[in-house]
Amino acid sequence: MSTKNIARWDRIVRILVGIAMILVALSGAVDGILRVGLLLFAWVPLTTGALGWDPIYALLRIGSLRE
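Student: I would appreciate a short explanation of the overall build of the chain in the present structure.
Tutor: A count of helical and extended segments in the chain gives four helices and zero strands. Referenced to the eigenvectors of the C-alpha coordinate spread, the extents of the chain come out at roughly 45 × 20 × 15 Å. Across the 67 residues in the chain, those meeting the buried criterion constitute 27%. Within the chain, contacts between residues separated by at least 24 positions form 72% of all contacts whose residues are at least 6 apart in sequence. For the chain, the computed accessible surface area is about 5,000 Å², with 69% contributed by carbon and sulfur atoms. Taking the 7 positively charged and 4 negatively charged side chains of the chain as two groups, their mean positions are separated by 7 Å.

Student: I tried to follow the packing of aromatic side chains on my own but got confused; where do I start?
Tutor: Both the distance between ring centres and the angle between the ring planes are used here to describe each pair of aromatic rings. Counted under the stated rule, the structure contains zero aromatic pairs. A cation sits over an aromatic face here: arginine 14 above tyrosine 57, 5.1 Å from the ring centre.

Student: In this structure, what is going on with helix H1 (residues 8–27)? I would like to understand it.
Tutor: Each α-helix turn comprises 3.6 residues. Residues three or four places apart therefore point the same way. Between its first and last C-alpha atoms H1 spans 28 Å; for 20 residues at 1.5 Å apiece the expected length is 28 Å, and the two agree. When H1 is considered as a whole, its buried residues turn out to be Asp10, Arg14, Gly18, Met21 and Ala25. Each buried residue of H1 sits inside an arc of 75° when the element is viewed along its axis, so together they form one side. Pointing more than 90 degrees away from the buried face of H1 are the exposed residues Arg8, Trp9, Leu16, Leu23, Leu26 and Ser27. The secondary structure elements touched by the buried residues of H1 are helix H2 (33–41), helix H3 (43–51) and helix H4 (55–60). Immediately downstream of H1, the backbone of glycine 28 shows phi near 90°, a positive value.

Student: Help me out: how do you make sense of the packing of H1 against H3 in this one?
Tutor: Geometry of a packed helix pair, given as the angle between the helix axes and the separation of the axes. It is at 7 Å that the axes of H1 and H3 come closest, and there the two elements cross at 150°. The orientation of H1 relative to H3 falls into the category roughly antiparallel. Crossing of H1 against H3: the hand is left-handed. Residues Arg11, Arg14, Ile15, Val17, Gly18, Ile19, Met21 and Ile22 of H1 form the contact with H3, whose participating residues are Pro45, Leu46, Thr48, Gly49, Ala50 and Leu51. Of the residues that constitute the contact of H1 with H3, the class distribution is nine nonpolar, three polar and two charged.

Conventions and cut-offs
- Residues numbered from 1 in each chain as written.
- Predicted model: local features only at pLDDT ≥ 70, side-chain atom pairs only at ≥ 80, totals over all residues.
- Heavy atoms only, no water.
- Helix = DSSP H or I, 4+ residues; strand = E, 2+ residues; numbered from the N terminus.
- Buried < 20%, exposed > 50% of the residue type's maximum accessible area, 1.4 Å probe, protein only.
- Contact = heavy atoms within 4.5 Å.
- Areas by Shrake-Rupley, 256 points an atom, 1.4 Å probe, with all protein chains shown as cover.
- Lys, Arg positive; Asp, Glu negative; His and termini not counted.
- Charge placed at Lys NZ, Arg CZ, Asp CG, Glu CD.
- Phe/Tyr/Trp six-rings, centres within 6.5 Å; stacked < 30°, edge-to-face > 60°.
- Lys NZ or Arg CZ within 6 Å of the ring centre and 35° of its normal.
- Expected span 1.5 Å × (residues − 1).
- Arc of directions from axis to C-beta.
- Axes fitted to C-alpha atoms, helices over the stretch in contact; angles between N-to-C directions.
- Parallel < 35°, antiparallel > 145°, perpendicular 65-115°, else oblique.
- Left-handed = near helix turned anticlockwise from the far one by under 90°.
- Nonpolar A, V, L, I, M, F, W, Y, C, P; charged D, E, K, R; others polar.

Here you go:
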């Protein structure tokens, strides 16, 4: 992990999406495989938002930061 490639606004959106995924799964609004999937994959936007680095952006050599 070298440098950050996610802008502040993008980080905030990712963290909010991760939190929303967890809240929807825990609220009982969905069940079954969708609930498990939301709980299982909520860490992705939370982690990339917290770190400010996205491995997919890095592989594609893109980012939301302006240089």
